[in-house]
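Coordinate inspection notes
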Amino acid sequence: MTQWTRYGTVAASAYLAAGQLPEAAAEVEKGLAMATDRQARGYRAPLLRLQAEVLTRQSAIDAAGARERLDEALALSGELGMRPEIARCHLALSRLHHRVGHRSEAAERLASAIALFREIGAEFWADRAATGS
């Protein structure tokens, strides 16, 4: 396996952080295809979350599509016991709800993400989520 065989999650995350949404979307699509071909279910959850984050950040937001992918990512993360990914999904759901104006749902998801980050000892990520960075 090469470095890319993290199924594009690193590259997609980097493109997303840089605001390069088309590039992030392309990496996610390649990663999802590879994960499906290789039956690598553990990579599907973060890729689905990243896909949802791309949909959330587009100027013409696809809230329904983002929600669908986040729900699938959250369910898969829960099934596989991927607690850090569960926290990231809650954080992404918080951002989605905030973007569409559902402030109370956004606050609930943010609180869930922060609590889970703290529970698993990911203080850096809990602090980052709490400050909105």
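The shown structure was predicted, so the numbers you read here are calculated from the model rather than taken from an experiment.

About the thresholds
Residue indices follow the written sequence of each chain, beginning from 1 at its first position. Only residues with pLDDT of 70 or above have their local features reported here, since the model is predicted, and side-chain atom pairs are shown and tallied only from 80 upward, although totals for entire chains, interfaces and linings are computed over all residues. Computation of side-chain values: all heavy atoms of the structure, hydrogens and water removed. Counting from the N terminus, the helices are the DSSP runs of H or I reaching at least four residues and the strands are the DSSP runs of E reaching at least two. Restricting the calculation to C-alpha atoms gives the radius of gyration, and the globule rule supplies 2.2 Å times the number of residues raised to the power 0.38. Only protein chains enter the accessibility calculation, which uses a 1.4 Å probe. A residue is then buried if its area is under 20% of the maximum for its type, exposed if over 50%, and partly exposed in between. Pairs of residues are marked as contacts when any of their non-hydrogen atoms sit within 4.5 Å. Using a 1.4 Å probe, accessible areas were evaluated by the Shrake-Rupley method; residue-level cover was limited to the displayed protein chains. Here, a salt bridge means any Lys or Arg side-chain nitrogen found within 4 Å of an Asp or Glu carboxyl oxygen. Think of a nonpolar core as a cluster: buried Ala, Val, Leu, Ile, Met, Phe, Trp, Tyr and Cys residues, connected wherever their side-chain atoms sit within 4.5 Å.

Regarding the overall build of the protein
- Of regular secondary structure, the protein possesses seven helices and zero strands.
- Reading the helices (α) and strands (β) of the protein from amino to carboxyl end gives α-α-α-α-α-α-α.
- Against the 2.2 N^0.38 benchmark of 14 Å for 133 residues, the protein shows a C-alpha radius of gyration of 14 Å, consistent with a compact globule.
- Seen through its principal axes, the protein has C-alpha atoms that stretch 40 × 35 × 25 Å.
- For the protein, buried positions account for 40% of its 133 residues.
- Partitioning the contacts of the protein with sequence separation of at least 6, the portion at a separation of at least 24 is 54%.
- Element-wise, carbon and sulfur atoms account for 53% of the exposed surface of the protein, whose accessible area totals about 7100 Å².

Some remarks on the pattern of salt bridges
- Applying the stated criterion to the full structure yields twelve salt bridges.
- A salt bridge links E72 to R44; the nearest nitrogen and oxygen atoms lie 3.0 Å apart. Taken together, the positions of E72 in helix α4 (residues 63-80) and R44 in helix α3 (residues 41-57) put the pair 28 residues apart, joining distant regions of the chain.
- Within the structure, one salt-bridge network assembled from shared partners comprises R49, E53, R57, E85, R88 and R95.

Focus: the environment of W125
- Topologically, W125 is positioned in helix α7 (residues 123-131).
- Among the residues examined, W125 registers a relative accessible area of 39% and is labelled partly exposed.
- In this structure, the C-alpha to C-alpha distance between W125 and A113, residues twelve residues apart in sequence, is 9.2 Å.

Describing the nonpolar core
- Residues Y7, L16, L70 and F117 are the most contacted members of the largest nonpolar core, which totals 34 residues.
- Of all elements in the fold, only α1 (9-17), α2 (21-37), α3, α4, α5 (83-99), α6 (103-119) and α7 reach the threshold of two or more residues within this core.
- Considering every element that reaches this core, the biggest residue donor is α5, with seven residues.
- Contact partners of L70, with chain neighbours within four places excluded, come to R49, A52, C89, A92, L93 and L96.

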